Every structure is written in structure tokens, then in C-alpha cells.
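# Overview (structure and organization)
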Amino acid sequence: MSAAGEPLVRVDGVSVAYPVPGGRVQALSDVSMEVRRGEWLTIIGHNGSGKSTLAKLFNGLVLPGRGEVTVNGLNTRDDEQRKRIRQVVGMVFQDPDNQLVATIVEEDVAFGPENLGLPRAEIVTRVADALRRLEIEDLRQRAPHQLSGGQKQRVAIAGVLAMKPAMLVLDESTAMLDPSGRADVLRAARALHRDGVTIVAITHFMNEVALADRVIVLSEGRVAMEADPRALFAQPDRLRELELDVPEVTEIASRLRDRGLDLPIVPLTIGELADAYMQARR
Amino acid sequence: MTEPIIEVRDLWHWYLRRTPLESVALEGASFELRPGEVVGIMGHTGSGKTTLVQHFNGLLRPHRGSVRVFGADLADPKVDPRPLRRRVGLVFQFPEQQLFDPTVGDDIAFGPRKLGLEHAEVRRRVQGAMAAVGLPFDAFKDRYTFGLSGGEMRRVALAGVLALEPEVLVLDEPTAGLDPRGRRQLLASLRALHDEHGTALVFVSHNMDEVAELVTRVDVLAGGKTVLSGTVREVFREDGRLRELGLGVPAATELAGALRSRGVPLRADVLTIDDAVEAMWTSSSSPAA
């Protein structure tokens, strides 16, 4: 494998268990996977399947019980390296109300770079750049509590972006948002991905999975499936066994196919299904 | 037509009222629920949905306007709202964060015990509530609440409210954060509760597909006011308006719109996957229609 093909994150034979009163809960069992540079990887799985634990391994928020996790070749067990790892891997979580720390948006975005001890001019440049890329320049002087959920999540992403990470992990970052807030966050993530940021997205919304290059399905703490979205949604029965589902458009197409309509592909978007239907109808 | 059991007229509510940080949350909202109805409330974040439903059992009192629940006038400060809380059950967002008893059975039994019910009646209610949310009594009653999955915890929290046997169940974003199977099961439980016990439901959501599937009537809030109100089919016909309000339409409705714009004649009120499949199948077998 060439150096360029070397994965950004490598998870090798990792098991994680959490202590609970009276025993231990196994969150991950012998998981091996990688995050490739520049890809959009989506991780799905039922509640309790281990998705969030896996995501938290990527920047050392959770350390493996067994096995190794390396980021850019740095081992997350190494206390000395953890700060560097967290600059490489930025995370945004589910709840927009407990991720912002400052009283003004631009101070919140500056918080990370300030902690890196960067020169003032560099901080100013990074904050301006992050606000511009998230399309929230108009919010820079606002107080976080005045913002909508989608705006707060974009401020949180801007704060991560100001650290110039190679990879952004969105851990159910759209779960609590209304439709326009979700659309804004996803548009921002797509723009960052186009600019070369590696995206790892964890979601329960099957129609967000279509954005991925590659999908990993977790079940009971193990990798149960790995495929691109189209190949994944071509296996609806397997997904249902794993307590998941297919997007509405895929479901509609599959029921029309069952009735004999010649719809040749697994559509991922409304436009794709509409086009395929126009062909089949002729 | 039967009398409404919840009737809200021109309701105003302010947070931090009469302070420099005062902000208005409701500016003349209205709402009606009749016995056995299933009504959806939609609106973008900050539109006032949660503030509105917190008036339904007297958690909040009207600052202006009227709220009548089972005949009680909640604008009257002398009216005690506590008896209403048995009749109107409120399930908050992320209710699993409010579980506090170590075992599932004790957590669900907490409410009925507080009502002073006899042991046998408490047990009957816990069993009934667990059955309604699809948690087998014997397998789950002694399980630790913290060892459950997110979907299971959500159902335990819902069962705790159901054990009070309310006539109206108000749910604020009940499926947020649940996996697809957890969502399906919860929606099926709610439908069964309505069909078998006649429980009236108020379903607050910004998941358009779930609203289309579950409810018969929808109110849309924006800026603390009720801006759209009607049957689910009437409301989702206003797709342009819904988008302006930061909402959307169900995937099936959006697909039907995309097909119509490509010249396919489809009926105007495609809401669910079933609707879309039927309409597209009909149209494909008679393309000249």
C-alpha cells in the first residue's frame, strides 16, 4: 500500500467493555476497520450497537480494552500524542445545547485555536475562515442561546474546523434538528468533504446514508456489514434483521418492482427514483 | 360534534417575563383536541411547540388567552391543575433521562404507587403499560434501567406515563434518536393504544413521514402562532408554505411532486409509502390517463 493509501484511522482488533454495577457491558467485540483519507464513511446500527463507542475511539475519548487504534500512525493510548490526535480528529455530538462554551459565537469558535497557543493573527484568520465556510458569518456576534439548533450545530462544527482537522466525526449531529436545520448541517458537511475533509457520520436517518462513499453497519458491538449505500440498500431483509431499514424511496421502488414494474436500480434519492420511473413507464 | 377536551384560544406566554431578558414564546396560539383524536403539532425549533403542550396539564399557566382542559379553566389561578395530570400524560423529549429507579418494574410502578393504588392494581397497571409498549413483563420487570438500550429506555419512560392510564397522551418528539426499529415499534404501540383504548394522542414532531403515518389532523406553529391547521392531507398539500416555515413534506409527497413536475398525472394527496406505491402503480399501468 502506498503512503497516500495509508488509512487515516486504523482500528485493529478492538474490544471495549464498560463497567456497570454487577458486571460489564461489552460495547465492542474484536472490531477491525479503517477510515480512509478523504472518504465519507457513515456508520449505522441499532441503539446500543456500539456506534458512539467506535466514534469515540477515533480521538481517544474512549481507549480500547484490547487491540489498538492509530490515527495518522499515532497510537491513541499514548498520552503524549492525544493532543495531536484531537487536532486531527474533530467531533460534534448530538445535543446542540451542551457543546458551546463561550457567550459569543466568534469566541466559541476561537476557543480551540486559542488553546493551541496560536498567534493572534492566525486565530483571527482561522475563525473568519471557519465562519465563512459554515455560512454563519452573520451570527459571529450573537449569543449561542439565541440560535436555532441547526445554527448551534454549525457553530460547533466551525469550532472544530478552526482546529484544521483532517477528519470530522458527526455523532448523530442531526438527530435533534428540524428539517431545515438538518439540511443546513448536511450542506455544510458536504462542502467540507468537497474541500478534502474526511467525514465520519453516525446517523439513524437512512436517507442521510445516501451521502456516504462507504457504510459500516454495527450490530451487537461487531461489524455486521460493509458496503456502498446502493449495495447496502439492495439488502433490505438483512438490514431489517439488524433492526434497520431502507430509505422511503428505496422501499417504494422495491414494492413497485415486486408488482412487476421494471425499475432496474436501487434508487437513493427522489430524483433518481423519479427518473427511473419515467423510463419504466414508457 | 363532541366537545373539545383541550381547547386553547389566543394563548400568549413569555419567558423571563418582566425582566430585561423577556422573550415571547407564544403569541396567540390556538389548539383543539376532541376525545379519541390523534393530532400532530409541527413547527421548526423555537416555534413554541413545547411551550404550548406544557399548558395542556397545567405545567405552565396562560399569561393571556384561555386554556380549558376537561372543563377546567387554567387561566383561573384558583384552579388546581394536579387532578388533570392523571388525565393528561405528558412525555417530554428524551424522557429516558428521567428514569431514576434501578429496575424497570419499580420505575413504571412509581406513578401508580403515588396515586395510593392497591398492590394488585399497581401490578395490573404496570403489566398493562409494559404490554402496550412491547416490553414483556417477565423478561423486563427486574432488569436494571441503566443496562437497557436507548429504545428500551424510551419505552420504559413511556410506560411510566401510561401506567397512570391517562385519557390524553402528549408526546414531545418521542422518536428522536431512536433507531428505525425502535421508531417503528413506538409508532405501532401508540397506534394500538389509540385503537384499543381510545386514548387521544398529541404528537409533536418534525419528522414529516411519521406525522403523515400516525395523525389525522395537524397544526403548524411558527413564531408562537398557529399558522396552518387542517387534516394531514390538507396541510401537506401546502408544501411551499411548509418549506418556508423550515419544515418539509413526507418523502412520498416530495416524490409525487417530482413526478408531477415530470408530467405524470398523480393525485394531489400522496402522503405515505402506501399512497405512493398505489398512485405510481395506477399511473404506470394507464400511462395515457
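All of these numbers come straight from a predicted model, not from anything done at the bench.

### Examining the overall build of chain B
Looking only at helices and strands, chain B features 12 helices and 10 strands. Taken over the C-alpha trace, chain B has a radius of gyration of 21 Å; the compact-globule value for 289 residues is 19 Å, and the two agree within 12%. The dimensions of chain B, computed from C-alpha atoms along their principal axes, are 70 × 50 × 40 Å. For chain B, the share of sequence-separated contacts (at least 6 apart) that also reach a separation of at least 24 residues comes to 63%.

### Quick notes on the sheet that holds strand 3 (residues 40–45) of chain A
Residue and element names in this part refer to chain A. Taking strand neighbours across the sheet as the criterion, the six strands line up as 6-7-8-3-9-10 in an open arrangement whose pairing is mixed. Since the sheet does not close on itself, it has two edges, and those belong to strand 6 (89–92) and strand 10 (222–227), each with one partner. Each strand of the sheet is rotated relative to its neighbour by a mean of 20°, with strand direction disregarded. Bridging between strand 3 and strand 9 (residues 214–219) involves five bridges; their strand directions are parallel.

### So, the sheet that holds strand 6 (residues 88–91) of chain B
All names here are of chain B. The six strands lie next to each other as 6-7-8-3-9-10, forming an open sheet whose pairing is mixed. What marks the edges here is a single partner per strand, and that holds for strand 6 and strand 10 (225–231). For this sheet, the mean angle separating the axes of adjacent strands, direction not counted, is 15°. Examined bridge by bridge, strand 6 and strand 7 (residues 168–172) share four bridges and lie parallel to one another. Paired with Val-91 across the bridge in strand 7 is Leu-171.

### A short note on the environment of Arg-241 of chain B
Residue and element names in this part refer to chain B. Among the secondary structure elements, Arg-241 is positioned in helix 10 (residues 239–244). By the C-beta count within 10 Å, which is 14 here, Arg-241 ends up partly exposed. Along the primary structure Arg-241 and Leu-228 are separated by 13 residues, whereas in three dimensions their C-alpha atoms are 9.2 Å apart.

### So, the interface of chain B and chain A
Contacts between the two partners involve 34 residues from chain B and, on the opposite side, 37 residues from chain A. Taken together, the elements giving at least two residues each to the side of chain B that touches chain A come down to helix 6 (150–162), helix 7 (180–197), helix 11 (251–261) and helix 12 (273–285) of chain B. Taken together, the residues of the side of chain B that touches chain A break down into 16 nonpolar, 13 polar and five charged.

### Let's talk about the pairing of strand 8 (residues 198–202) of chain A
Residue and element names in this part refer to chain A. Within strand 8, five of the five residues are buried, leaving the element largely enclosed by the surrounding structure. Judged by which residues are buried, strand 8 turns out to be covered on both faces: Thr-198, Val-200 and Ile-202 on one side and Ile-199 and Ala-201 on the other are all buried. Note that strand 3 and strand 8 share four bridges and pair parallel. Opposite Trp-40, over in strand 8, you have Ile-199 as the bridge partner. Relative to strand 8, strand 7 (residues 167–171) runs parallel, the two being bridged by five bridges. What sits directly across from Asp-171, in strand 8, is Ile-202. Once the chain exits strand 7 it traverses helix 6 (residues 179–194) before rejoining the sheet at strand 8, and the crossover so formed is right-handed.

So, how was this worked out
- Along every chain, residues carry numbers that run from 1 in the direction the sequence is written.
- Here the convention is simple: chains get letters from A, ligands get numbers from 1, in the order in which they are written.
- For a predicted model such as this one, the threshold for reporting local features is a pLDDT of at least 70, and the threshold for listing and counting side-chain atom pairs is 80 or more; totals across whole chains, interfaces and linings nevertheless cover every residue.
- Going along the chain from the N terminus, every DSSP run of H or I of four or more residues is numbered as a helix, and every run of E of two or more is numbered as a strand.
- Only C-alpha atoms enter the radius of gyration; for comparison, a globular chain is expected to reach 2.2 Å times N to the power 0.38, where N is the number of residues.
- C-beta atoms are first placed from the backbone for all residues, and any pair lying within 7 Å is then listed as a contact.
- Strands were regarded as paired on the criterion that DSSP finds at least two bridges between them.
- Fitted lines through C-alpha atoms serve as axes, helices being fitted only where they are in contact, and the angles separating the N-to-C directions of these axes extend from 0 to 180 degrees.
- In this scheme every C-beta is placed from the backbone, and a residue whose C-beta has 20 or more other C-beta atoms within 10 Å is buried, one with 12 or fewer is exposed, and one in between is partly exposed.
- Three residue categories are used. Nonpolar comprises Ala, Val, Leu, Ile, Met, Phe, Trp, Tyr, Cys and Pro, charged comprises Asp, Glu, Lys and Arg, and polar comprises the others, including Gly.
- If the strands point away from the viewer and the path from the first strand over the helix to the second runs clockwise, then the crossover is right-handed.

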